[in-house]
Amino acid sequence: MTDLELIEKAKAAMKGAYAPYSRFRVGAALEGRSGKVFTGANVENASYGATCCAERVALFKAVTEGERDFTAIAVISDSGSHTFPCGICRQALSEFSPGIAVICANRNMDYEKLPLNELLPHSFSGKDLE
Ligand code: THU
């Protein structure tokens, strides 16, 4: 799938956002090694800390459906700036695919693309628990 096709899927997923508090809607589309794409949008909560970002919604859908290896994720919002995954989402993605390509788009579909390990250098992983 091309970068723009993945961004289109993230943009469509953004419609599912539940963001009554921040009014900041985010969409994500995560491409698995199998070629299957899993989408997500942010789901907020009146107890703000219970909010889940779009990227983790997509990731948890994918993992619970058996996909464990990912090639790319596209993230988009209504913002004019490129939307980068937050730190928690970087860590969550890194658990499965530390080298995944992260495509950070703005509302005009302009984007920058960089590997996750550049966004999360020296990450903590299961190896550190040994
Ligand atoms: N948000 C995401 O969904 N992904 C990100 O990478 C950044 C933040 C959401 C969480 C919250 O619902 C809203 O954006 C404002 O922080």
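Shown above is the structure to which this text applies.
Residues numbered from 1 in each chain as written. Predicted model: local features only at pLDDT ≥ 70, side-chain atom pairs only at ≥ 80, totals over all residues. Heavy atoms only, no water.

Visitor: Is there a simple way to explain the overall build of the protein chain in this structure?
Guide: A tally of helices and strands in the protein chain yields 4 helices and 5 strands. Over its C-alpha atoms the protein chain spans a radius of gyration of 14 Å, differing by no more than 12% from the 14 Å that the globule rule assigns to 130 residues. Projected onto the principal axes, the alpha-carbon positions of the protein chain cover approximately 40 × 35 × 30 Å. Buried positions account for 44% of the 130 residues belonging to the protein chain. (Helix = DSSP H or I, 4+ residues; strand = E, 2+ residues; numbered from the N terminus. Rg over C-alpha atoms; globule rule 2.2 N^0.38 Å. Buried < 20%, exposed > 50% of the residue type's maximum accessible area, 1.4 Å probe, protein only.)

Visitor: How do you make sense of the site of the ligand when you look at a structure like this?
Guide: Taken together, S22, F24, V26, N42, E44, T51, C53, A54, E55, F84, P85 and C86 make up all the residues around the ligand. N42 places a side-chain nitrogen or oxygen 2.9 Å from an oxygen atom of the ligand. At a separation of 3.1 Å, an oxygen atom of the ligand approaches a polar backbone atom of C86. Relative to its unbound accessible area of 370 Å², the ligand is 78% covered by the protein chains. Of the residues assigned to the shell around the ligand, the class counts are 7 nonpolar, 3 polar and 2 charged. (Near = heavy atom within 4 Å. Polar contact = N/O pair within 3.5 Å; in protein donor to acceptor, adjacent residues only side chain to side chain. Areas by Shrake-Rupley, 256 points an atom, 1.4 Å probe, with all protein chains shown as cover. Nonpolar A, V, L, I, M, F, W, Y, C, P; charged D, E, K, R; others polar.)

Visitor: Would you mind showing me how to read the sheet that holds strand β3 (residues 70-77) here?
Guide: Note: strands within a sheet are paired through backbone hydrogen bonds, in either parallel or antiparallel orientation. The strand order β2-β1-β3-β4-β5 describes an open sheet built from 5 strands, whose pairing is mixed. Each edge of the open sheet is held by one strand with a lone partner, namely β2 (37-41) and β5 (111-115). For this sheet, the mean angle separating the axes of adjacent strands, direction not counted, is 15°. In this sheet, strand β4 (residues 101-105) lies alongside β3 in parallel orientation, the contact comprising 4 bridges. Bridging across to β4, V75 finds its partner in C104. (Pairing = 2+ DSSP bridges. Axes fitted to C-alpha atoms, helices over the stretch in contact; angles between N-to-C directions.)

Visitor: What should I look at first to understand helix α2 (residues 54-64) in this one?
Guide: Since the α-helix turns once every 3.6 residues, residues separated by three or four places project in the same direction. Taken together, the buried positions of α2 are occupied by A54, E55, R56, A58, L59, A62 and V63. Tucked inside the fold, the buried residues of α2 contact β1 (26-32), β2, β3 and α3 (87-94). After α2 finishes, the residue G66 shows a positive phi value of roughly 100°. (Contact = heavy atoms within 4.5 Å.)

Visitor: Looking at this structure, I do not really get the side chain of E31. What am I missing?
Guide: On the secondary structure map, E31 appears in strand β1. Here E31 is buried and forms no salt bridge, its nearest opposite-charge partner K113 lying at an N-O distance of 8.1 Å. Beyond its immediate stretch of four places on either side in the chain, E31 contacts M1, L6, K36, V37, F70, T71 and A72. (Lys, Arg positive; Asp, Glu negative; His and termini not counted. Salt bridge = Lys/Arg side-chain N within 4 Å of Asp/Glu carboxyl O.)

Visitor: It is not clear to me how the environment of F96 should be interpreted in this structure. Could you clarify?
Guide: With respect to the helices, strands and loops of the structure, F96 is situated in the loop between α3 and β4. Judged by its relative accessible area of 27%, F96 is partly exposed. Separated by 65 residues in sequence, F96 and E31 place their C-alpha atoms 12 Å apart. If sequence neighbours within four positions are ignored, F96 has contacts with L59, V63, R68, D69 and F70.

Visitor: Help me understand helix α1 (residues 3-13), please; the structure alone is not making it clear to me.
Guide: Of all the positions in α1, only D3, L6, I7, A10 and A13 are classed as buried. Angularly, the buried residues of α1 cover 115° about the axis, an arc narrow enough to put them on a single face. If you follow the buried residues of α1, they end up packed against β1, β2, β3, β4 and β5. (Arc of directions from axis to C-beta.)

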